[in-house]
Amino acid sequence: QLPLVESGGGLVQPGGSLRLSCDVPGTIYNYCTEMAWYRQAPQKQRERIAFLTDATTDPRPDYVDSVRGRFTITNDDAKRTVDLQMNTLKPEDTGTYYCHAARCRFGLGPYWGPGTQVTVSS
């Protein structure tokens with residue numbers, strides 16, 4: 001079961017931008033305190049690249065070094081979405097991007113989405 005739904009992937013040239021969005025069902029959004037984006041590059045392990053702790057109370061973003069300064073993770077309580085703004089994209093940013101919700105109350109989760117493909121190529 002993959003209750004989170006990612007969107008916004010596609011093909012972009014190096015140096016371009018994309019914005020990914022993750023729709024999070026209400027219960028998951030309210031009960032899980034960590035929201036994150038993972039990336040899985042071809043023939044590599046899935047890697048957490050951006051996350052928010054205390055997402056619905058005092059969101060604090062953090063990033064892996066390879067995307068810090070280029071990517072921004074944000075959440076919208078009204079829409080129950082978690083977005084990833086990606087700027088100055090590089091070919092090495094190519095991969096499948098997954099939304100993830102964790103650290104949930106009542107022993108729930110973690111939760112994933114099916115992923116969205118991002119290809120950075122000229």
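Look up: the structure comes first, before these words.
The structure presented is a predicted model; accordingly, all values stated were derived computationally and were not measured.

A. A look at the overall build of the chain. When you go through the chain residue by residue, the secondary structure sums to 1 helix and 11 strands. Of the regular secondary structure in the chain, the N- to C-terminal order runs β-β-β-α-β-β-β-β-β-β-β-β. On C-alpha atoms alone, the chain measures out to a radius of gyration of 14 Å, which is about the 14 Å that the 2.2 N^0.38 rule sets for 122 residues. Taking the principal axes of its C-alpha atoms as reference, the chain extends roughly 45 × 30 × 25 Å. Looking at the chain as a whole, 43% of its 122 residues qualify as buried. Expressed as a percentage of contacts within the chain between residues at least 6 apart in sequence, the contacts between residues at least 24 apart total 54%. Looking at the chain as shown, the accessible area adds up to about 6400 Å², and 47% of this sits on carbon and sulfur atoms.

B. Highlighting the state of the cysteines. In this structure the tally under the stated criterion is 2 disulfides. In this model Cys-22 forms its disulfide with Cys-99; the gap between the sulfur atoms is 2.1 Å. In this structure, the disulfide formed by Cys-22 and Cys-99 twists by about -90° around the S-S bond and is classed as left-handed. Taken together, the positions of Cys-22 in strand β3 (residues 18-23) and Cys-99 in strand β9 (residues 95-104) put the pair 77 residues apart, joining distant regions of the chain. Under the relative-accessibility criterion, Cys-22 is labelled buried at 0%.

C. Structural detail: the environment of Phe-51. For Phe-51, the location among the structural elements is in strand β5 (residues 47-53). A relative accessible area of 16% places Phe-51 in the buried class. Residues Phe-51 and Ile-73 lie 22 residues apart in sequence; the distance between their C-alpha atoms is 6.9 Å. When neighbours within four sequence positions are excluded, Phe-51 is seen to be in contact with Glu-34, Met-35, Ala-36, Arg-60, Pro-61, Asp-62 and Ile-73.

D. Looking closely at the pairing of β5. In the sheet, strand β4 (residues 32-40) pairs with β5 via 5 bridges, with the strands oriented antiparallel. Paired with Ala-36 across the strands is Phe-51, a residue of β5. Remark: 6 residues form the turn of the hairpin made by β4 and β5, two consecutive strands paired antiparallel; Gln-43 in that turn has positive phi of roughly 60°. Across 4 bridges, the pairing between β5 and strand β6 (residues 60-63) is antiparallel. Its bridge partner being in β6, Phe-51 is matched across the sheet by Asp-62. As consecutive antiparallel partners, β5 and β6 are separated by 6 residues, and within that stretch Asp-54 has a phi angle of approximately 50°, a positive value.

E. Geometry of the side chain of Thr-94. The topology assignment puts Thr-94 in the loop between β8 (81-86) and β9. Apart from residues lying up to four places away in sequence, Thr-94 is in contact with Arg-39, Ala-41, Pro-42, Gln-117, Val-118, Thr-119 and Val-120.

F. Representation of the nonpolar core within the structure. Core analysis: the largest hydrophobic core is formed by 30 residues, its most contacted members being Trp-37, Leu-84, Met-86 and Tyr-97. Of all the secondary-structure elements, those providing two or more residues to this core are β3, α1 (26-31), β4, β5, β7 (71-76), β8, β9 and β11 (116-120). Per element, the largest residue contribution to this core is 4 residues, and it comes from β9.

About the criteria used
Residues numbered from 1 in each chain as written. Predicted model: local features only at pLDDT ≥ 70, side-chain atom pairs only at ≥ 80, totals over all residues. Heavy atoms only, no water. Helix = DSSP H or I, 4+ residues; strand = E, 2+ residues; numbered from the N terminus. Rg over C-alpha atoms; globule rule 2.2 N^0.38 Å. Buried < 20%, exposed > 50% of the residue type's maximum accessible area, 1.4 Å probe, protein only. Contact = heavy atoms within 4.5 Å. Areas by Shrake-Rupley, 256 points an atom, 1.4 Å probe, with all protein chains shown as cover. Disulfide = S-S within 2.5 Å. Pairing = 2+ DSSP bridges. Core = buried A, V, L, I, M, F, W, Y, C linked by side-chain atoms within 4.5 Å.

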